[in-house]
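Reading the structure
The lines below spell out each chain.
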Amino acid sequence: MYLVLMVAMLFTSLPALVSCNKDEDDDNSTYSYSESEQTTLVTGFALQADADVLASLDSVHFTIDYNNGLIYNADSLPVGTDISALKVTVDFLNTVSSAVFSITGATVQADTTITYTSQMSKSLDFTGNTKLTVTSADESQVKDYEVKVLVHKMNPDSLVIPQSWRRDLPGYASNLQGHKAVKQGDVYRIMTYDGSVCTMLWANSLNQPIWTPQTVDVPFVPQVKSLCATDDALYVLGADGTLYTSADGGEWASCGVVWHTLLGSYEDRVLGVAGSDGYYYHDEYPRPMGFTAKELEDGFPVSNASGMLQTDNRWTVSQQTLLVGGLDSEGNPLNNVWGYDGSHWGKINNIHSTALPALADATLFAYYIYRPAPGVRRYKCQPTLFVMGGKRADGTLNSTIYLSSTQGVTWTVADSTMVQPGYMTKFYGAQAFVNYESLSASVTASGPQRIVSPVVTWECPFFYLFGGYNDQGALLPYVWRGVYLRMTNSPVY
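All values reported here derive from a predicted model rather than from experimental measurement. (Residues numbered from 1 in each chain as written. Predicted model: local features only at pLDDT ≥ 70, side-chain atom pairs only at ≥ 80, totals over all residues. Heavy atoms only, no water.)

Another point: the pattern of salt bridges. On inspection of all chains with the given rule, the structure shows 6 salt bridges. Here Arg486 and Asp157 are joined by a salt bridge, their closest N and O atoms 2.9 Å apart. Of the two residues, Arg486 is situated in the segment after strand 32 (478–484) and Asp157 in the loop between strand 8 (142–148) and strand 9 (159–160); the sequence distance between them amounts to 329 residues. The buried category is assigned to Asp157, whose relative accessible area is 15%. Between Arg269 and Glu284 there is a salt bridge, with its nearest N and O atoms 2.5 Å apart. Taken together, the residues Arg269 in strand 20 (residues 269–276) and Glu284 in strand 21 (residues 279–285) connect sequence positions 15 residues apart. We note that Arg269, like Glu284, is buried. Within this structure, Glu267, Arg269 and Glu284 form a network of salt bridges that share partners. (Salt bridge = Lys/Arg side-chain N within 4 Å of Asp/Glu carboxyl O. Helix = DSSP H or I, 4+ residues; strand = E, 2+ residues; numbered from the N terminus. Buried < 20%, exposed > 50% of the residue type's maximum accessible area, 1.4 Å probe, protein only.)

Here it is in structure tokens:
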């Protein structure tokens, strides 16, 4: 079972990320230029290899914008790259009379002009203003190109959770006994309970500043932290473990089953742990045809696991779901990752090659990081599981971020570019959502744009962390918003 689930989950494909960089070879668009334009058309621009400056420097892709007279690398070079002495190679559509670089305002090279030839050995300083003037063979046409070698001012492979992006938690009140946010289909819902009044809030978007509240009459005391959703229904446990359901949170009805723990949803049903006093078994509602209750496997969490994360992959015919950590029947935190395929649970992670510690009430979500492609100055987005927060075995709260690019089989500690900021309170039990948001780039604000299939807007995934609790068990009144910084850059085409 371990091997089957490991292979299946290893190749899970998360939703396509439209902001992932695309190689220029993928673009099949055709462009036409007038005869006069063709006489001064630059068709290729590259930096020559120089390992002392940067590995694979000659593979940096440059975009040529004839209409706006721009030549630039859309994917900026790493922070700190020295661009004061670089050699270049330039290609032209037709033979030209001359091609002259004019350099002004550079930090090292004095203002000068340098005529380009295919055998040119001189270096150019791109720290100031660089202009390439191309004159046609018959000298009837002249075209100026502004040449920019862009360098990141910040490490783009950083995870940022700015304090300025923090928002108030919808529905927060200091006297709440429970607060939980879920996504039901295309609607986000929040349940709160203060000991006597239950309120449901809803919004169509995580960006929505005002959530619509509705006070609801529940004929039971809800375990708000157990709230979960399928596309068509909400589910929550009462204080006595009775499972209740509602279409929208307004009216609730008993499902006629009593559970110890509500784990989460799978397709159109919810999964739970039933039983007590050392004997616990898997249960589902509504039970699918042929379902047989099975005793929990060794190391399966009885309670306090992360929320269940649903994924799909092309290697299996059924949907996959994951959960991380939790407590065993004796209250001990676990570091296990469990997967479910619609009929069987199986342990996913290799505990002999994992950095994932035992955690209760951790936050698990699917996101992305970037990794350099071998041998070239290109970066590929990589679907990655994130674990944040949670309670450690010694009772302290976790602030380390753990990553898995193998769909939960192995885990690593995120490096220093992806850390939970110090101003962010340590937490457990927060809910995570990933939301795609349209970003725009302007030439004046963010530098030049691409001309081959120009990109001025793109969808960027941001992650949101709702609420959670501090080390005193108090509800945290914030929604944190974060992003992998490279995704905020215009996609490379």
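Looking now at the side chain of Asn349. Along the chain, the position of Asn349 falls in the loop between strand 25 (345–347) and strand 26 (363–372). Exposure remark for Asn349: the relative accessible area of 2% places this residue in the buried category. Polar side-chain contacts of Asn349 include one of 2.8 Å to the backbone nitrogen of Val337. (Polar contact = N/O pair within 3.5 Å; in protein donor to acceptor, adjacent residues only side chain to side chain.)

This part takes up the nonpolar core. By size, the foremost hydrophobic cluster in this structure holds 47 residues, and its most contacted members are Leu159, Tyr367, Phe386, Met418, Leu465, Phe466 and Tyr484. Of all the elements in the fold, those that place two or more residues in this core are strand 9, strand 12 (187–193), strand 13 (198–203), strand 26, strand 27 (379–388), strand 30 (431–440), strand 31 (457–466) and strand 32. A total of 7 residues in this core trace back to one element, the largest contributor, which is strand 31. Setting aside its immediate chain neighbours within four residues, Leu465 contacts Thr363, Phe365, Met388, Met424, Phe427, Gln431, Ala432, Tyr478, Val479 and Trp480. By size, the runner-up hydrophobic cluster in this structure holds 31 residues, among which are Leu57, Tyr66, Val90 and Ala99. (Core = buried A, V, L, I, M, F, W, Y, C linked by side-chain atoms within 4.5 Å. Contact = heavy atoms within 4.5 Å.)

By definition, the strands of a sheet pair up through backbone hydrogen bonds, in either a parallel or an antiparallel sense. If you trace the 3 strands from one edge of the open sheet to the other, you get 19-20-21, paired in antiparallel fashion. Each edge of the sheet is formed by a strand with only one pairing partner; in this case those strands are strand 19 (261–266) and strand 21. Adjacent strand axes in the sheet meet at a mean angle of 25 degrees when their direction is disregarded. Here strand 20 pairs with strand 21 via 7 bridges, running antiparallel. Bridge pairing in strand 21 places Gly275 opposite Tyr280. (Pairing = 2+ DSSP bridges. Axes fitted to C-alpha atoms, helices over the stretch in contact; angles between N-to-C directions.)

With that out of the way, let us pick up the pairing of strand 17 (residues 242–246). The buried fraction of strand 17 is high, at 5 of 5 residues. The side-chain alternation of strand 17 yields two buried faces, one formed by Thr242, Tyr244 and Ser246 and the other by Leu243 and Thr245. Two strands pair when backbone bridges link them, and strand 16 (residues 234–238) and strand 17 are joined in this way by 4 bridges, in the antiparallel orientation. For Val236, the partnering residue across the bridge sits in strand 17 and is Tyr244.

Summarising the element assignment, Leu150 is placed in the loop between strand 8 and strand 9. Among the residues examined, Leu150 registers a relative accessible area of 23% and is labelled partly exposed. Along the chain, Leu150 and Asn73 lie 77 residues apart, while their C-alpha atoms are 6.2 Å from each other. Excluding residues that lie within four positions of it along the chain, Leu150 makes contacts with Tyr72, Asn73, Ser76 and Leu77.

A cluster of acidic side chains, namely Asp186, Asp231, Asp232 and Asp268, defines a negative patch on the protein surface. Here Asp186 is to be found in the loop between strand 11 (178–184) and strand 12. (Patch = residues over 30% accessible without salt bridge, like charges linked within 9 Å, V, L, I, M, F, W, Y side chains within 5 Å. Areas by Shrake-Rupley, 256 points an atom, 1.4 Å probe, with all protein chains shown as cover. Lys, Arg positive; Asp, Glu negative; His and termini not counted. Charge placed at Lys NZ, Arg CZ, Asp CG, Glu CD.)

A complete count under the given rule lists 27 aromatic pairs for this structure. Seen in terms of ring centroids, Tyr188 and Phe433 are 5.5 Å apart; in terms of plane orientation they differ by 90 degrees. Their pairing is edge-to-face. With Tyr188 in strand 12 and Phe433 in strand 30, this residue pair connects regions lying 245 residues apart in the sequence. Over the face of the ring belonging to Tyr469 we find Lys225, whose NZ or CZ atom lies 4.2 Å from the ring centre. The cationic tip of Arg486 hangs over the ring face of Tyr370; the distance from NZ or CZ to the ring centre is 5.7 Å. (Phe/Tyr/Trp six-rings, centres within 6.5 Å; stacked < 30°, edge-to-face > 60°. Lys NZ or Arg CZ within 6 Å of the ring centre and 35° of its normal.)

We now examine the sheet that holds strand 6 (residues 112–115). If you trace the 6 strands from one edge of the open sheet to the other, you get 2-3-8-7-5-6, paired in mixed fashion. Both edges of this open sheet fall to strand 2 (63–65) and strand 6, since each of them pairs with a single strand only. Across the sheet, the mean angle from the axis of one strand to that of its neighbour is 20 degrees, orientation sign disregarded. Pairing between strand 2 and strand 3 (residues 70–72): 3 bridges, direction antiparallel. In the sheet register, Asp65 faces strand 3, and the bridge partner there is Leu70.

Any link to function would need more than the numbers given here.
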